[in-house]
Every structure is written in structure tokens, then in C-alpha cells.
Amino acid sequence: MTTRGVLYVHSAPRAMCPHVEWAVAGVLGTRVNLDWIRQPAAPGTWRSEFSWQGQAGTASKLASALRGWHLLRFEVTAEPCAGAEGERYSCTPDLGIFHAVTGIHGDILIPEDRLRAALLRSRREESDLEAEVAKLLGKPWDDELEPFRYAGEGAPVRWLHQVV
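Here we summarise the structure given alongside this text.

About the thresholds
Residues numbered from 1 in each chain as written. Predicted model: local features only at pLDDT ≥ 70, side-chain atom pairs only at ≥ 80, totals over all residues. Heavy atoms only, no water. Axes fitted to C-alpha atoms, helices over the stretch in contact; angles between N-to-C directions. Helix = DSSP H or I, 4+ residues; strand = E, 2+ residues; numbered from the N terminus. Parallel < 35°, antiparallel > 145°, perpendicular 65-115°, else oblique. Left-handed = near helix turned anticlockwise from the far one by under 90°. Contact = heavy atoms within 4.5 Å. Nonpolar A, V, L, I, M, F, W, Y, C, P; charged D, E, K, R; others polar. Phe/Tyr/Trp six-rings, centres within 6.5 Å; stacked < 30°, edge-to-face > 60°. Lys NZ or Arg CZ within 6 Å of the ring centre and 35° of its normal. Salt bridge = Lys/Arg side-chain N within 4 Å of Asp/Glu carboxyl O. Buried < 20%, exposed > 50% of the residue type's maximum accessible area, 1.4 Å probe, protein only. Arc of directions from axis to C-beta.

## Concerning the packing of helix α3 (residues 112–123) against helix α4 (residues 129–136)
In step 1: Packing of α3 against α4 leaves a shortest axis separation of 9 Å and a crossing angle of 155°. One finds that α3 runs roughly antiparallel with respect to α4. The hand of the α3/α4 crossing is right-handed. For the pair α3 and α4, contact is made by Arg114, Leu115, Ala118, Leu119, Arg121 and Ser122 and by Leu129, Glu132 and Leu136, respectively.
In step 2: Residues of the contact of α3 with α4, tallied by class, amount to five nonpolar, one polar and three charged.

## Comments concerning the packing of aromatic side chains
In step 1: By the definition in use, this model includes one aromatic pair.
In step 2: The residue whose ring lies beneath Arg14 is Trp46, and the NZ or CZ to ring-centre distance is 4.4 Å.

## A few points about the pattern of salt bridges
Side chains that carry opposite charge are capable of pairing whenever their charged atoms lie near each other.
In step 1: Going through the model one piece at a time under the given rule, you end up with twelve salt bridges.
In step 2: Residues joined by salt bridges that share partners form a network here, namely Glu75, Arg88, Asp142, Glu146 and Arg149.

## What about helix α2 (residues 58–66)?
In step 1: Turning to α2, its buried residues number three or more, namely Thr58, Ala59, Leu62, Ala63 and Leu66. Along the axis of α2, the buried residues cluster in a sector spanning 135°; they form a single face.
In step 2: One or two steps after α2, the chain reaches Gly68, where phi turns positive at roughly 85°.

Okay, structure coming up:
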């Protein structure tokens, strides 16, 4: 099963850029040289984005390879393919990682058990239902990443293919 996706590195300190390339190369199994440009939303950081093609599960491997790196903001997406739903991973230094399953149109698909748990917490007055749904949809991550996404408009995109 082959899928396509995009890795958006929204901000990384300059010294971290080669490490990001090495981590991505390790997942894709091929040398990676990203085109880095300055990130105006966070002076002193750099951004890059590229499209990739690989086996289903590649997005998860990319997110795992990059998660937990202090000061790194990124997103990884994968399109749905035969036998696998789409995926979206978002990561910020403050919030950590967010994962969502996505449908053919990019909509987030929330599993039934997670919705039931959110309703139960709301009924027990442990939290607000609106806040629970916002978390399920990744709103805190979207809010934090939006200025970095906007700053990246017009950035070059590089296509990479996983060697299988």
C-alpha cells in the first residue's frame, strides 16, 4: 500500500536542521536535503516542507522520529489509500504531539470511544464538552501552529520518494 503525504517543519533552530534531515532520511531510506528558509513567525528559526511517497504508516514513522525534539514545530500528513485511513500529526514544544485519523476529504474522524469518553467527562462536570471536542479536533495545536503556517505561504515544496 503506497500513500503520499507532506511534512511541514514549521520552525526549527538552525543547528537542528541537519538533524531533522538525518531523521527523515532514516525513515525514507534515502538521502534528504531539505530547502530551508527563514521562519518570520519565530526569528532565528527555519522552516521547510516537502511531499513524500511511501508505504502506509510512513507518516507515523516520521512523526515518531521527530517527536520530543525541544523547539521543533511540525506537521505530517498522509492521504488515505487502499487499506489505510489518512493521518495527521501535529507537534509543538508546549503541547506535544496530536494525532488524528482523516477521511478522504481531510476531515478528522473521531473514534466512537473517544467521543463517549468526552461526553462522560462533560456529564461528570470534569470538563466542558466544547473544550473536549476542541481537543479531539486538535484545535489547541491548530491555534499554536496557524501563525507558522501562514508565514510559510509561497514556500518551495520538494517531492521525495521512499525507496522500497
